[in-house]
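What follows is the residue order along each chain.
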Amino acid sequence: MSSVKLVNISKKFPGGVTAVSDFNLEVEDKEFVILVGPSGCGKSTTLRMIAGLEQITDGELYIDDILVNDVAPKDRDIAMVFQNYALYPHMTVFENMAFGLKLRKVPRDEIRRRVDEAAKILEIDHLLDRKPKALSGGQRQRVALGRAIVRSPKVFLLDEPLSNLDAKLRAQMRAELSKLHERLKTTFIYVTHDQVEAMTMGTQIVVMKDGFIQQNAPPHVLYETPANLFVATFMGSPQMNTFEAKLIEENNVTYLSFGNSRIALPDSKGRKPEVLAYIGKNVIAGIRPESIHDEEVYINQYPEATVDAKVEVVEMMGAETYLYLICEGINMTARVSPRSKAKVSDTIKIVLDTNKIHLFDKDTEKTITN
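A quick note: this is a predicted structure, and the numbers were derived from the prediction, not measured. By convention here, each chain's residues receive numbers from 1 onward along its written sequence. It should be noted that, the model being predicted, local features are given only for residues of pLDDT at least 70 and side-chain atom pairs only at 80 or more, the latter also being counted only at that level, while totals for whole chains, interfaces and linings use all residues. Computation of side-chain values: all heavy atoms of the structure, hydrogens and water removed.

Q: Help me get a handle on the sheet that holds strand β11 (residues 241–250), residues and values and all.
A: Through backbone hydrogen bonds, the strands of a sheet pair up, either in parallel or in antiparallel fashion. Spatially, six strands are ordered β13-β12-β11-β14-β20-β21 in an open sheet, and the strand pairing comes out antiparallel. Strand pairing shows two members of the sheet lacking a second neighbour, β13 (261–264) and β21 (367–369), which therefore form its edges. Strand after strand, the sheet turns through a mean of 40° between neighbouring axes, direction not considered. A pair of strands is considered paired only if DSSP assigns at least 2 bridges between the two. The secondary structure listing takes helices from DSSP runs of H or I that are at least 4 residues long and strands from runs of E that are at least 2 residues long, numbered from the N terminus. Taken together, the four bridges between strand β12 (residues 253–258) and β13 define a ladder with antiparallel strand orientation. When the bridges of β13 are listed, Y255 appears paired with A264. Axes here mean lines fitted to C-alpha atoms, for a helix over just the part in contact, with angles spanning 0 to 180 degrees between N-to-C directions.

Q: Tell me about the pattern of salt bridges, and name the residues and values.
A: For side chains bearing opposite charge, pairing can occur when the charged atoms are close. The term salt bridge refers to a pairing of a side-chain nitrogen on Lys or Arg with a carboxyl oxygen on Asp or Glu at a separation within 4 Å. Considering all chains together, one arrives at 17 salt bridges under this definition. Between D116 and R112 there is a salt bridge; the shortest N-O distance is 3.2 Å. Of this pair, D116 and R112 both sit in helix α3 (residues 108–121), four residues apart, which is roughly one turn of the helix. The partner of R271 in a salt bridge is E249, with the nearest N and O atoms 2.6 Å apart. One end of the pair, R271, is in the loop between α9 (267–270) and α10 (273–276); the other, E249, is in strand β11, and 22 residues separate them in sequence. One connected set of salt bridges, linked through shared partners, spans E110, R113, R114 and E117.

Q: Would you mind going over the environment of R170 in detail, with residue names and values included?
A: You can see R170 is positioned in helix α5 (residues 167–184). For the exposure calls, accessible area comes from a 1.4 Å probe over protein chains only, and a residue counts as buried if that area is under 20% of its type's maximum, exposed if over 50%, partly exposed in between. Given the relative accessible area of 23%, R170 is considered partly exposed. Taking the C-alpha atoms as reference, R170 lies 32 Å from H358; in sequence the two are 188 residues apart. Between two residues, a contact is recorded if the distance between any of their heavy atoms is within 4.5 Å. R170 has contacts with L162, S163, L165, D194 and E197, leaving out every residue within four places of it along the chain.

Q: Account for helix α2 (residues 93–103), naming residues and giving values.
A: Taken as a whole, α2 has its buried residues at V93, F94, N96, M97, A98 and L101. Check the buried side of α2 and you find it contacts α3 and α4 (137–149). Remark: K105 follows α2 within two positions and exhibits a positive phi of approximately 60°.

Q: Lay out the packing of α4 against α5 in plain terms, naming residues and giving numbers.
A: Between α4 and α5, the shortest axis-to-axis distance is 11 Å and the interhelical angle comes to 15°. Judged by the inter-axis angle, α4 sits roughly parallel to α5. Crossing geometry of α4 relative to α5 is assigned as right-handed. Of α5, the residues touching α4 (which contributes G138, Q141, R142, L145 and I149) are L169, Q172, M173, E176, L177, L180 and L184. When an angle is under 35 degrees it counts as roughly parallel; over 145 it counts as roughly antiparallel; between 65 and 115 it counts as roughly perpendicular; any other value is oblique. Crossings are classed by handedness, with left-handed meaning an anticlockwise turn of the near helix from the far one by less than a right angle and right-handed meaning a clockwise turn.

Q: Can you lay out the side chain of T354 for me, pointing to particular residues and giving the numbers?
A: Examined against the element boundaries, T354 turns out to sit in the loop between β19 (347–352) and β20 (358–361). Using a relative accessible area of 10% as the deciding quantity, one classes T354 as buried. Non-local contacts of T354, meaning those with residues more than four positions away in its chain, are made with I263, A264, L265, P266, K269 and A305.

Q: Describe unusual backbone geometry, and please don't skip the residues or the numbers.
A: It is generally the case that most residues other than glycine have a negative phi and that most peptide bonds are trans. Cis peptide bonds are those with omega within 30 degrees of zero, and the linkage from S237 to P238 qualifies with -5°. Along the chain, P238 turns up in the loop between α8 (229–234) and β11. Look at D210: it is not a glycine, yet its phi comes out positive at around 50°. Within the element layout of this structure, D210 appears in the loop between β9 (204–209) and β10 (212–217). Taking relative accessible area as the criterion, D210 reaches 55% and is therefore assigned exposed. With a phi angle near 50°, N251 is a residue other than glycine that sits in the positive phi range. Looking at the secondary structure, you find N251 in the loop between β11 and β12.

Printed below as a string of structure tokens:
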């Protein structure tokens with residue numbers, strides 16, 4: 001068992017700065033939990049409190065149901081991988097990976113066995129005699145991971161470990177870390193500001209803002225049913241299109257009105273009691289880029305959801321095309337087929353998939369309906 005439980009955790013720094021407020025989280029054994037959010041939201045501070053590198057101001061922290069608030073970092077049976085690798089430059093890869101075991105007086109044969117095993121898993125067994133300066137960024141990150149693996153900790157804590165790598169290597173290491181989690185079958189808690197990393201790696205994602213948890217859910221739940229406007233726009237790339245609109249009712253049909261356009265919402269969404277309560281009021285509407293279509297078949301089929309838009313930029317991405325549009329004075333991004341015929345300066349018709357429209361309260365920014 002390698003569970004971690006945070007109960008009403010808070011962290012206040014001298015001077016009255018509150019980094020984390022009332023943080024509650026249960027991490028089950030073998031889970032891959034990701035803390036994600038913009039810089040300064042408290043995610044790294046939370047990780048450092050779990051590691052014991054930062055003192056908890058209020059609340060309780062349990063590892064395997066044992067209260068560890070006052071337990072020294074070395075006695076928590078956790079391993080932390082840092083953003084800057086933190087390798088000793090004068091030591092070889094082998095010595096770096098073995099260092100923690102030597103401090104614990106682990107027998108030499110056992111050290112050799114564990115280092116060799118971890119090096120094979122990470123495919124760095126041919127680098128054991130090199131020093132860090134002779135390694136690439138990706139290799140150094142593997143050594144840092146190896147140093148954590150040899151200790152066989154209950155919990156791995158990873159603080160933005162891929163942020164120093166280039167885009168291609170980062171994508172490769174994302175896959176490697178997911179495979180590593182599968183092989184080691186232990187608990188991972190991972191901090192990142194990159195929502196692509198969060199969506200592709202985590203079994204559970206905790207979205208943070210200003211020291212508070214905004215939503216804690218599996219990736220597909222966060223993407224499809226965000227709890228508020230912040231989560232909706234933070235998760236997803238390109239991000240969700242949002243715009244102010246008014247809900248109006250006509251002949252028992254609910255319409256979303258913006259500028260000179262209006263689109264009919266399906267009854268399954270527009271006739272919900274929570275939506276009807278906003279009739280006559282302004283709301284924030286949101287729609288993801290892949291839910292905006294420019295194909296003829298959609299335009300013919302859904303005239304009640306069709307609006308005009310001017311094409312500002314066309315980005316050919318290979319498997320898809322991004323259209324940057326102006327629609328009723330609103331900037332919108334559409335992710336469409338690479339066969340799209342749209343050209344810069346064209347005025348085209350687009351269809352908003354009304355089944356996929358999200359509505360948010362204009363003042364609280366909480367979700368009305370997904």
